[in-house]
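Analysis of the macromolecular model
Each chain is listed here by its residues.
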Amino acid sequence: MANSTESFDRRANHLLRLIQLCGGCVPLHSLQCQVSNSVIQTLLDKELVQVQNTGRGFLLEIAEDF
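What comes next concerns the included structure. Quick caveat: nothing in here was measured; it's all calculated off a predicted structure. Here, residues in each chain are numbered from 1, in the same order as that chain's written sequence. Where local features are concerned, this predicted model is filtered to residues with pLDDT of at least 70; where side-chain atom pairs are given and counted, the filter is 80 or more; whole-chain, interface and lining totals use all residues. With hydrogens and water stripped out, all remaining heavy atoms of the structure feed into the side-chain values.

1. Remarks on the environment of Q52
On the secondary structure map, Q52 appears in strand 2 (residues 49-53). The exposure class assigned to Q52 is partly exposed, which follows from its relative accessible area of 37%. Here the alpha-carbon distance between Q52 and C25, two residues 27 residues apart in the chain, equals 9.4 Å. Throughout, a contact is declared for two residues whenever any of their heavy atoms are within 4.5 Å. Setting aside chain neighbours within four positions, we find Q52 in contact with G57, F58, L59 and E61. Elements are defined by DSSP. Helices are runs of H or I of four residues or more, strands are runs of E of two residues or more, and each kind is numbered from the N terminus. Note on exposure labels: buried denotes an accessible area under 20% of the residue type's maximum, exposed denotes more than 50%, and partly exposed covers the range between, all computed with a 1.4 Å probe on protein chains only.

Set out below in structure tokens:
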């Protein structure tokens, strides 16, 4: 059985793949029901993703350096 850290890392990696498949960015509001805020925050802390304010909402996008 996988421990919680491995499970958390899998969810974070899954989110990164999802963003890549969606062209590199997704509306943040579309993820908040599907992904925990802690997974999103971890990716932000690791600087793998960034949040962009479009004026009509927020986009979660893969960081340029990634």
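2. So, the environment of D45
Following the sequence through the fold, D45 ends up in helix 3 (residues 37-45). Here D45 falls in the exposed class, since its relative accessible area comes to 56%. Polar contact criterion, stated in full: a pair of N or O atoms within 3.5 Å, where within protein one must be able to donate a hydrogen and the other to accept it, and residues adjacent in sequence count only if both atoms are side-chain atoms. At 2.8 Å, the side chain of D45 forms a polar contact with the side chain of Q41.

3. Remarks on the pairing of strand 2
In this analysis, strands are considered paired if DSSP registers two or more bridges between them. Here strand 2 pairs with strand 3 (residues 58-62) via 5 bridges, running antiparallel. Bridge pairing links Q50 to E61 in strand 3. Connecting strand 2 to the antiparallel partner strand 3 that follows it, the hairpin turn spans 4 residues, and G55 within it adopts a positive phi of roughly 95°.

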